[in-house]
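Here's the letter readout for the chains.
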Amino acid sequence: MRRRIISMAVSAAMAASMAAALPFTASAAGVELLNFDYDDNVYFETNGQSVISLCDTEGHSGTRSIKVSKRSESGDGAKLNVELNAEETVYTVSMWVKTSGAQKIIVDLGDERVNAANVPADTWVKIEGDVALAEDKADLVVSGTNGTDDFLIDDVSVLAEGQVITTPYAPEGVNMFLDGGFETGDLNVFEARGGSAEVSEAAAHSGKYGVSVTNRTEDWMGIQTNIKDLVIRNTNYEAKLWVKINNPEPVEAEYFIQLELASEGSSTTYPSVIKFTASSTEWREVKGVFSTADFEYPVTKLLLYIGSADGNKYDFMADEFSLSNTTEDASSSSSRPAQANPWINTELTPLKDVYKDYFIMGSARGSDTGKSGELEDEMLKYHFEIVTMGNDMKPDYLEPTKGKFTFTKADSLVDGILENGLKLHGHVFVWHEQSPDWLTTNVSREEAIENLRQYIYGVGEHYKGKCYSWDVVNEAIDGITDTSTVSGILRNTPWKNAIGEDYIEYAFKFAAEAVPEADLYYNDFNLDDATKADAVVTLVKDLQSKGIRIDGIGMQAHYSVNTSIKAVENSIKKFAELGVKISITELDVGCLQAGDVPTQAEYVRQAQKYAELFSLFKKYSDVIDRVTLWGIDDGTSWRAENYPLLFDQDYQPKEAYYAVLDPEGYLEEHPVEKNVIRRAGSAYGTPVIDGEIDEIWNSVPETAINRYVMAWQGATGTFKSMWDEDNLYVLIDVKDPVLSTVAADPYMQDSVEVFLDENNAKQPNYEADDAQYRVSCENEHSLGTNATEEGFVTATKKTDTGYLVEIAVPFKLDHAMDDVIGFDVQINDDGNGDGNRTSIAKFNDMTDLSWGNTENWGELLLNTDGVVPQTDDEESDEITVIFDGETLSFDVAPQIINDRTLVPFRTLFEKFGATVEYIEDGQYVNAVKGDTNISLQIDNTTATVNGAESVLDCAPIIVDGRTLVPLRFIAEALNADVDWDGDTRTVTIVTK
């Protein structure tokens, strides 16, 4: 019976992948390959007087070999019993040897001499030869003429004629997957990682088949394969595949090649191989390199998988998977999109120079290494003074297993930062996310405190003197019930459960002892929210009252173009009163339209917000110590879909860079448009709340709800309002063809919301008189901030075009004739009926912040008839359209939605002399004039002109039975000039 001595870790997948390369018969026998990197078996035994052991630090092909030591005579060495063919067979014997002192190494198989070689000291030498034997077994003996020097043995093979090596130690570039292209028509060694995965012809990049990954209801879902038995120690591997997003619309999204790694006695970790950008319009090749050098052995689980994060649930197709041995540097990883071509523009003014007299300018550092990392370091050195590690100094990176720190990756990045003369901010000691379970799980309070101390001391000591400051505790506040007490503000975290509310006190005490030279920070998000800011004030005061050192508050500052500057300033003022430093720690400003490439107008809005922020930061530079952007460029940002940073994916400046360079000058050249507050009237009267349009409503003026917050324009409607001494009454007529309440969250259902600011203070936070009320199309109530069920009366009714809502909201203050109150109304639309809100329409507030901010709400004038009188100095809502000198009239008034003027399509097209048709099936508008053919679709932002696609800032909508289309797009498509006069609200069209 033949005995193949190969790695015990060879998997069925690997055996299958190499089976085609095995041309010898079943009678062949020998040793395919022993390189000792797969498992802990030594295989050899002593020959004479010697000790045989594994050498973990040196090998010929890897980093392990057999060590022969404690020899006393020249013949002492090692032997291996090898099963052979009984019939005469020629065997090629090969091995590599290395000796501590020069000597002759002799190799025999049975009674036959294979070969002998004079081996210099400390040099790997190959010994090889052929022998013919007619035996069923024989000893392979390796000995040396020097009786005292140790020697090493590696890469041993005894191959019968025609036999080849089939173990996983494959040559560089050889694919270890037999059918990574799925050409057998099945998944083979791959499987779905949640969701579904199936082989199909439609998913093929090349050949006949590929794999389609579908039903990705969570972002982590994808496809995976077990590679535990394919890889060996201290070796680099290249993972490669082709990917395409499976989506009919043009989209791009971020995915990962990643590992799931578990070792005996250790927590499971998820090392990233590479982050990449996939597209729905083309196949893209993706490859990344990882190393097994840092794995903790023995490995009990190792999966290679493709998935995503940050809410990306797009299905995708994949093909041509490969995994191969490589000599490429495994540390060369890049998170930037494949199409990015970054370069450092040294003609730009460094940001650190602009703010050197105000505060320290910083940025976050990603995990990129190799050439991508070198370029990132150079960019940091050019523009910034201080760096925060985005991930690599978090607990799960530094001590995934208790007592076993893994500083190698972080140290290489930190050393590069410090060598470039930059400061380092430590992030983070204590956080409920990205922390290994051993810190807090299944331990007593005393053990958890000791784990906390051990971790902070261990990391602090390692980086002692290297960090300018540290985030000691991160994001400990949430679910606030009482801002006046610590118990009323703390998030329910593993740390709190294991230790108690005083875990934060211990963290700051230990940090003060471990890193006395560094500033110690509490860091959190949404600190522009007044309630959360009050909670942080309570936490800091509590620490200060107990004599516990805390030096600063970190405001994470993940903002949008709608962030309230007043709210940010109010929080800065509160924190400054505590006598601590303030740092803006994770600044980015997302553009309004997530997912699409922003328009120039949106880039300007983003730049204006950056300018407002930096102007504010300069104003408070006496208390602001540091401003850190959370990344350098849009391509590698964690919010890449929002294009939130100062530089594009090629490191080139956006409008936002120039705004930060000179905020006051930028705002002078690009003034922020004054927030025009729409005002509607509320007539005096008391209607019956029954869901019917009673006669009392007939004489009340109607107002459109047509300002859209989200990119998709869905349900629209109108409202009427009445009031008396006790209540405000609102009648809302919603136009919505699909009604749904399947979502668990009420604001995701088809519903309406009413917001009331009775003293019209327009603050960045709710005051006692402010309230938010919501009712679904099924008449289910949900209460927002300061709302009360008592006195909140509603009725709903389904209509042919949607649904009708009648609401009574109780007043908290006394009101009289001609009072003006802050007011807004919102329509939530689950347009697809799948539980996801696709559209938000408002009366006035163009932000999605009405739930916590009253600044941008509209107004209601309480009077007798609900009519708002027009004064000479007030702006009219009417829009005038002049076509070649003629003022046009429309049966439905033009409207401004998302800063675009929309008008009834038929009147406009016919003035141009175009032939026009409306197709109800699909709600298409088609127009032809000469050689120009225009096609639009209701609620679709993609239009075509002569077959070429264009993206609209606002999709066509239906209002009062008429289809309204973007005026400027139509006019320019038909070769006309368009001019907008904001002062007179006049659009002038001149045909060419």
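Described in the following lines is the structure provided in the data block. (Residues numbered from 1 in each chain as written. Predicted model: local features only at pLDDT ≥ 70, side-chain atom pairs only at ≥ 80, totals over all residues. Heavy atoms only, no water.)

Over its 16 residues, helix 9 (residues 530-545) extends 22 Å from the first C-alpha to the last, a length consistent with the 22 Å expected when each residue adds 1.5 Å. Three or more residues of helix 9 are buried, namely A530, K532, A533, A535, V536, V537, T538, L539, V540 and L543. Where the residues of helix 9 are buried, they touch helix 8 (503-514), strand 26 (519-524), strand 27 (552-555) and helix 10 (565-576). The backbone nitrogen of T531 lies 3.2 Å from a side-chain oxygen of the residue at the head of helix 9, namely D529. (Helix = DSSP H or I, 4+ residues; strand = E, 2+ residues; numbered from the N terminus. Expected span 1.5 Å × (residues − 1). Buried < 20%, exposed > 50% of the residue type's maximum accessible area, 1.4 Å probe, protein only. Contact = heavy atoms within 4.5 Å. Polar contact = N/O pair within 3.5 Å; in protein donor to acceptor, adjacent residues only side chain to side chain.)

Quick look at the sheet that holds strand 45 (residues 886-887) now. Overall, mixed pairing links the 4 strands, which are arranged 45-44-56-55 in an open sheet. The sheet terminates laterally at strand 45 and strand 55 (976-981), the two strands that pair on one side only. With 4 bridges joining them, strand 44 (residues 880-883) and strand 56 (residues 986-991) adopt parallel strand pairing. The residue bridging F883 from the neighbouring strand is I989, located in strand 56. (Pairing = 2+ DSSP bridges.)

So, about the packing of helix 10 against helix 11 (residues 600-619). Packing of helix 10 against helix 11 leaves a shortest axis separation of 11 Å and a crossing angle of 25 degrees. It follows that helix 10 is roughly parallel to helix 11 by the angle criterion. Between helix 10 and helix 11 lies a crossing whose hand is right-handed. Residues I565, V568, E569 and I572 of helix 10 touch helix 11, and the partners they reach there are K609, E612, L613, L616 and K619. Per-class residue counts for the contact of helix 10 with helix 11 are 5 nonpolar, no polar and 4 charged. (Axes fitted to C-alpha atoms, helices over the stretch in contact; angles between N-to-C directions. Parallel < 35°, antiparallel > 145°, perpendicular 65-115°, else oblique. Left-handed = near helix turned anticlockwise from the far one by under 90°. Nonpolar A, V, L, I, M, F, W, Y, C, P; charged D, E, K, R; others polar.)

Another point: the side chain of N523. Counting through the fold element by element, N523 comes out in strand 26. The exposure class of N523 is buried, given its relative accessible area of 0%. There is a polar contact of 2.8 Å between the side chain of N523 and the side chain of N474. The contacts of N523, once residues within four sequence positions are left out, are H427, D471, V473, N474, E475, G554, M555, Q556, T585 and E586.

Under the definition given, this model contains 31 aromatic pairs. Taken together, a centroid distance of 5.1 Å and an interplanar angle of 80 degrees make the contact between Y657 and Y658 edge-to-face. Accessibility expressed as a relative area gives 1% for Y657, which makes it buried. Between F905 and F909, the aromatic rings sit 6.5 Å apart at their centres with planes inclined by 65 degrees, giving edge-to-face as the arrangement. Taken as a pair, F905 and F909 lie in helix 14 (residues 905-911) at a separation of 4 residues, close to a single helical turn. Through pairs of rings, three or more aromatic residues link up here, namely Y355, Y358, F359, F614 and F617. When the ring centre of F525 is taken as origin, the NZ or CZ atom of K532, which lies over that ring, is 3.5 Å away. Positioned over the ring face of Y521 is R626, at 5.7 Å from the centre of the ring. (Phe/Tyr/Trp six-rings, centres within 6.5 Å; stacked < 30°, edge-to-face > 60°. Lys NZ or Arg CZ within 6 Å of the ring centre and 35° of its normal.)

If you trace the backbone, L860 turns up in strand 43 (residues 858-863). With a relative accessible area of 0%, L860 lands in the buried category. Sequence separation between L860 and V820 is 40 residues; the distance between their C-alpha atoms is 5.6 Å. The residues touching L860, leaving out its near neighbours within four places in the chain, are A680, G681, S682, F719, S721, L728, D819, V820, I821 and F823.

What follows concerns the pairing of strand 26. Among the 6 residues that make up strand 26, 6 are buried, leaving the element largely enclosed by the rest of the structure. Covered by surrounding structure in strand 26 are D519, Y521 and N523 together with L520, Y522 and D524, the residues of both alternating faces. In this sheet, strand 27 lies alongside strand 26 in parallel orientation, the contact comprising 4 bridges. Paired with Y521 across the strands is G552, a residue of strand 27.

Glancing now at unusual backbone geometry. As a rule of thumb, non-glycine residues mostly have phi less than zero, and peptide bonds are mostly trans rather than cis. That bond from H427 to V428 is cis: its omega, 15 degrees, falls within 30 degrees of zero. Positionally, V428 belongs in strand 24 (residues 423-431). Phi is positive for N188, close to 55 degrees, though the residue is something other than glycine. Structurally, N188 can be placed in the loop between strand 11 (151-160) and strand 12 (190-193). On the accessibility criterion, N188 (38% relative accessible area) is partly exposed. Of note, N526 is a non-glycine position whose phi angle comes to about 55 degrees, a positive value. In this structure, N526 sits in the loop between strand 26 and helix 9.

The next subject is the pattern of salt bridges. All told, the structure shown has 40 salt bridges when counted by the stated rule. Here K208 ties to E201 by a salt bridge, and the two come within 4.0 Å at their closest N and O atoms. Note that K464 is salt-bridged to E517, the shortest N-O span being 3.8 Å. Here the residue K464 occupies a position in the loop between helix 6 (445-462) and strand 25 (469-474), and E517 occupies one in the loop between helix 8 and strand 26, the gap between them amounting to 53 residues. Here E517 falls in the partly exposed class, since its relative accessible area comes to 38%. Taken together, the shared-partner salt bridges in this structure form one network comprising R193, E260 and K301. (Salt bridge = Lys/Arg side-chain N within 4 Å of Asp/Glu carboxyl O.)

The geometry of helix 9 relative to helix 10 is characterised by a closest axis approach of 10 Å and an angle of 10 degrees between their N-to-C directions. Accordingly, the angle class assigned to the pair helix 9 and helix 10 is roughly parallel. Residues A530, A533, D534, V536 and V537 of helix 9 touch helix 10, and the partners they reach there are S571, K574 and F575. Taken together, the residues of the contact of helix 9 with helix 10 sort by class into 5 nonpolar, 1 polar and 2 charged.

This paragraph deals with the sheet that holds strand 46 (residues 895-897). Taken in spatial order, the 4 strands make up an open sheet running 46-47-54-53, and their pairing is antiparallel. Taken across any chain shown, the strands that pair with only one partner, and hence form the sheet edges, are strand 46 and strand 53 (957-959). Averaged over all neighbouring strand pairs, the angle between strand axes comes to 40 degrees, with direction disregarded. With 3 bridges joining them, strand 46 and strand 47 (residues 900-904) adopt antiparallel strand pairing. Each bridged residue has a counterpart across the sheet, and for I897 the counterpart in strand 47 is R900.

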